[in-house]
Amino acid sequence: MSTELKFYEGLHGSGVVISLCCGKDRLIFDFGSPFTPLTQIEDGVLLPRKQAAVLDALTLGKLPEVEGLFSREALQEWPLLCAEKSPWNTAVLISHLHLDHMSGIRFVDPSIPVYLSEEAWRLEKALRAIGESETSREFQHFQLHQPFYVGKIRITAYFSDHPCAGSCGFLIETEDKTVFYSGDIRFHGLRREQAWKEIEALSKKKIDLLIVDAMTTAFLNDPQEILPSQEITEQQISEDQINKLISEKLAGSEHLAVFNLYHRDLQLIQSLIEIAKKQQRKLIFEPETAWIVQKMLHEPVAIWLQDYPRYQQHLPAWLQKLKKSAEIVPLSAICSHPQNAMVQCSYRSSFSLLDFQKIPTDYLHLYGEPMVEGTLSYQRLRSFLNRLNIQYIGASTLYCFNHAYPNHLAEMIRRLQPALVVPVHSSAPEKLQTDKAKLILPKQAKRYRLEENDLVELD
Ligand SMILES: [Zn+2]
């Protein structure tokens, strides 16, 4: 039985969707859509259609045309094999809960199992409670390093030091081949030692094909100059440096600190908790994030109820519970001692910043929405902050914070010694330095057979 692959999404940018099958057993790993904030029609104002959701997503390229995943009812007349007629024993694996890796899950027929790491599953449950998940479907979950099977395919998840809680990569062993899909990966986070240990453990396996997150190659001018190394160079920003920068901004400052983050990135929240303790500031969350912090980190939390009437009208169960267990900090306490506070303010709650007009305030933009310069919402935020005389501090770019630098990728490949490498999640995959491994740039949605030293196109 041979191992076959199809690359549906992620060959020229984010949003990875790949299928791997061996006989009748089939895995789809990651199921997101490309992150395209500058060109997409969805602006948060347009209402997505419910009845034609799958058709609209297929038409707009938000969903790849994967056979046997969507119900006949959802597909209507769309010419694609429906889940009911699928000849495969299929499972979907999700590496982490960033949207470019899982936004399509809500469209997958409920009969098809979807797998998440145990930690990601806990995050998903917390997101559901606060109304931030788009699905209520069941998930299967797994522990890192404990193999599980889809038919005869053996899967083992490995830790990946990505900021999103529960991130992992997958070692996939079929009857004849071994593939490692990295998920989103980096080696400059706080847990990089563990990340390198995982590579050490994986290097004992004979890997036929490595599918790797190569996002940062998009920023390379001269890829030939990249040498494999574990080193974090002076030009590269590490997670420690970002934390240091935040600490420096706070140290001795009389200003109120406002922060905006993406609350699926628990690693950053953990760091902020420690920084706030050291700087003797009270870290004050919005209720939604506080709920996640309680559930995932089991830390005591302080909250502020910015626009209280908004919450009072229909207090959901999670907020009722939170109000009993969290410290509620009144706005007056924040305003009277701004130097003692660090307050979360997400983009959608920006009107709350009007309360700080008379207080010197710094706004730490820590990869929360809006994430990309050039989008309208980003420009609106900047001009609003200007108008309020709030100082904007952006720590680094989203991309370099979340993804491994090219020299680290080259080092990872040098150690794993795969026969073949397919870069994904990059707009310049051809720039990846692959040491002795053969670089493969597959065509989208073509069927390939994985052979000893090649991916052979079948149709
Ligand atoms: Zn990603």
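A quick note: this is a predicted structure, and the numbers were derived from the prediction, not measured.

Student: Hey, could you run me through the domain arrangement of the protein in this one?
Tutor: Interface size is commonly expressed as the accessible area that is lost once the parts come together. Assigned domains of the protein: these are domain 1 (3-230 + 403-457) and domain 2 (239-395). Each of domain 1 and domain 2 has a C-alpha centre, and these two points are 32 Å apart. Taken together, the contact between domain 1 and domain 2 spans 24 residues of the former and 22 residues of the latter. Both sides of the domain 1 and domain 2 interface together cover about 2,000 Å² of buried area, and 60% of this is carbon and sulfur. Linking domain 1 with domain 2 are three salt bridges, by the criterion used here. Where Glu239 meets Arg186, a salt bridge forms, and the shortest distance between an N and an O atom there is 2.9 Å. Contributions of two or more residues to the side of domain 1 that touches domain 2 are made by α3 (99-102) and α4 (118-129). The biggest single contributor to the side of domain 1 that touches domain 2 is α4, with six residues. Its residues placed into classes, the side of domain 1 that touches domain 2 shows 15 nonpolar, three polar and six charged.

Student: Is there a simple way to think about the coordination of the zinc ion in this case?
Tutor: For a metal bound by four donors in tetrahedral geometry, the ideal donor-metal-donor angle is 109.5 degrees, whereas six donors in octahedral geometry ideally sit at 90 or 180 degrees. Protein ligation of the zinc ion involves Asp100 (OD), His101 (NE2), Asp184 (OD) and His425 (NE2), the donor distances falling in the range 2.1 to 2.3 Å. Bound by four donor atoms, the zinc ion shows angles of 79 to 174° at the metal and therefore irregular coordination geometry. Mapping the donors of the zinc ion onto the primary sequence yields the spacing D-H-x82-D-x240-H. One end of the pair, Asp100, is in helix α3; the other, Asp184, is in the loop between β10 (178-181) and α5 (192-202), with 84 residues separating them in the sequence.

Student: I'm lost on the packing of aromatic side chains in this one. Help?
Tutor: Aromatic ring pairs are reported here in terms of the distance separating the ring centres and the angle at which the planes meet. A complete count under the given rule lists 15 aromatic pairs for this structure. Each ring, one from Phe29 and one from Tyr181, has its centre 5.2 Å from the other, and the planes form 35°; the classification is tilted. Taken as a pair, Phe29 in strand β3 (residues 25-29) and Tyr181 in strand β10 lie far apart in primary sequence, 152 residues in all. As far as burial versus exposure is concerned, Phe29 and Tyr181 are alike and both buried. Ring centres 4.9 Å apart and planes at 15° place the aromatic pair Phe142 and Phe148 in the stacked group.

Student: How should the side chain of His162 be read in this particular structure?
Tutor: By the element assignment, His162 lies in the loop between β8 (153-159) and β9 (168-173). In this structure His162 comes out as buried when scored by relative accessible area, which is 0%.

Calculation criteria
Residues numbered from 1 in each chain as written. Predicted model: local features only at pLDDT ≥ 70, side-chain atom pairs only at ≥ 80, totals over all residues. Heavy atoms only, no water. Domains from an automatic or database assignment. Contact = heavy atoms within 4.5 Å. Buried area = accessible area lost by both parts, 1.4 Å probe. Salt bridge = Lys/Arg side-chain N within 4 Å of Asp/Glu carboxyl O. Helix = DSSP H or I, 4+ residues; strand = E, 2+ residues; numbered from the N terminus. Nonpolar A, V, L, I, M, F, W, Y, C, P; charged D, E, K, R; others polar. Donors = N, O, S within 2.8 Å, 3.2 Å for Na, K, Ca; no water. Tetrahedral: all angles 85-135°; square planar, octahedral: opposite > 155°, others 65-115°. Phe/Tyr/Trp six-rings, centres within 6.5 Å; stacked < 30°, edge-to-face > 60°. Buried < 20%, exposed > 50% of the residue type's maximum accessible area, 1.4 Å probe, protein only.

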